[in-house]
Amino acid sequence: MCSLEKRGNIFILTLIGPGEHRLNPTLLDAISAALSQVRADSSTSSALITTAEGKFFSNGYDLAWASTSGVLSHDRAKIMSSKLRSIVADLISLPMPTIAAISGHCSAAAVIMALSHDYVLMRKDRGFIYMSELDIGLIIPEWFVSLIQIKAGSPRSQRELMLRASKLTAQDALKWGIVDSAHVSAHETVMAAIRLGENLIGRKWDGHVYAQIRMRMLANVLEKLGYDETVGLTRPRL
């Protein structure tokens, strides 16, 4: 489901395999366990990179797992929501810089996971960022909106993501201020993330101080993570 590699003081968390990396309980638990290991094994100055193999970075929540006869199960949606909220809280409180290296298509809840990192890099030869909720008839949770408002630049950028459900290429996302840089391939995206991580590690910041500043910057998001409203109260078109 995912692997964790350490190169010097850089941790690389990779969603492995050729599939869509749908965020179901099994994958979410694996990511959570990897983040716990990163926290336990981190040194004074470390960095985390999150990326994926294959065509998809992640295609968002596993709505097929969460549905019965095409109807979204509220209980199963709550399980996914709870596990993702825990991962986002872990990323926000992690005592090191974090970098998402988007290596393919990135949709819905996966966009939120990527934006929970401090930096977002994206390949430009394949893939798009896509908040699909409007197209499939799901209401975007308030905490998703809160994070996007902080991370996605201008109100026009937020409108493109949430009220137009635009499929944004890396060049589009760079233009709209949603990603920090665009790269020619998945490999180059990861290499750029490693270079960035090495640069950040070289600053020798105190990880605790770094995390506390980030938590203050994202205090509104952390507050909203404390309760569950669960994606969608309507029937998705699977």
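Use the structure listed above.
The following paragraphs examine the structure supplied in this document. (Residues numbered from 1 in each chain as written. Predicted model: local features only at pLDDT ≥ 70, side-chain atom pairs only at ≥ 80, totals over all residues. Heavy atoms only, no water.)

Looking only at helices and strands, one finds ten helices and twelve strands in the protein chain. On C-alpha atoms alone, the protein chain measures out to a radius of gyration of 17 Å, which is about the 18 Å that the 2.2 N^0.38 rule sets for 238 residues. Across its three principal directions, the C-alpha atoms of the protein chain cover 50 × 35 × 35 Å. Buried residues in the protein chain amount to 53% of all 238 residues. Accessible surface, the protein chain as shown: approximately 10,300 Å² in total, 52% of it carbon and sulfur. Here the protein chain contributes 26 positive and 22 negative side-chain charges, whose respective centroids are spaced 3 Å apart. (Helix = DSSP H or I, 4+ residues; strand = E, 2+ residues; numbered from the N terminus. Rg over C-alpha atoms; globule rule 2.2 N^0.38 Å. Buried < 20%, exposed > 50% of the residue type's maximum accessible area, 1.4 Å probe, protein only. Areas by Shrake-Rupley, 256 points an atom, 1.4 Å probe, with all protein chains shown as cover. Lys, Arg positive; Asp, Glu negative; His and termini not counted. Charge placed at Lys NZ, Arg CZ, Asp CG, Glu CD.)

With that out of the way, let us pick up unusual backbone geometry. Positive phi values are uncommon outside glycine, yet His-21 reaches one of about 55°. By secondary structure assignment, the location of His-21 is in the loop between β2 (10–15) and α1 (25–41). Residue classification places His-21 among the buried positions, given a relative accessible area of 8%. Positive phi, normally seen in glycine, also occurs at Ala-108, with a value near 55°. One can find Ala-108 in the loop between β8 (105–107) and α3 (109–115). Under the relative-accessibility criterion, Ala-108 is labelled buried at 10%.

Once that is clear, we can look at the side chain of Thr-51. Within the secondary structure, Thr-51 sits in strand β3 (residues 47–52). At 2.9 Å, the side chain of Thr-51 forms a polar contact with the backbone oxygen of Ala-101. Setting aside anything within four residues of it in sequence, one finds Thr-51 in contact with Ile-12, Leu-13, Thr-14, Leu-15, Phe-57, Ala-101, Ser-103 and Val-190. (Polar contact = N/O pair within 3.5 Å; in protein donor to acceptor, adjacent residues only side chain to side chain. Contact = heavy atoms within 4.5 Å.)

Formed by 60 residues in total, the largest nonpolar core has its most connected members in Ile-129 and Ile-178. The contacts of Ile-178, once residues within four sequence positions are left out, are Leu-115, Val-120, Ile-129, Ala-152, Leu-161, Leu-168 and Ala-173. (Core = buried A, V, L, I, M, F, W, Y, C linked by side-chain atoms within 4.5 Å.)

Checked against the element boundaries, Gly-207 lands in helix α9 (residues 207–217). Between the alpha carbons of Gly-207 and Ser-93 there is a distance of 9.8 Å; along the sequence they are 114 residues apart. When residues no more than four places from it in sequence are discounted, the contact partners of Gly-207 are Thr-44, Pro-95 and Met-96.

Inspection of every chain in the model, using the stated rule, returns three aromatic pairs. Between Trp-143 and Phe-144, the aromatic rings sit 4.7 Å apart at their centres with planes inclined by 85°, giving edge-to-face as the arrangement. A single burial state applies to Trp-143 and to Phe-144, both of which are buried. Where Trp-205 meets Tyr-210, the ring centres are 5.8 Å apart and the plane angle is 25°; that geometry is what we call stacked. According to the relative accessible area criterion, Trp-205 is partly exposed, its value standing at 32%. (Phe/Tyr/Trp six-rings, centres within 6.5 Å; stacked < 30°, edge-to-face > 60°.)

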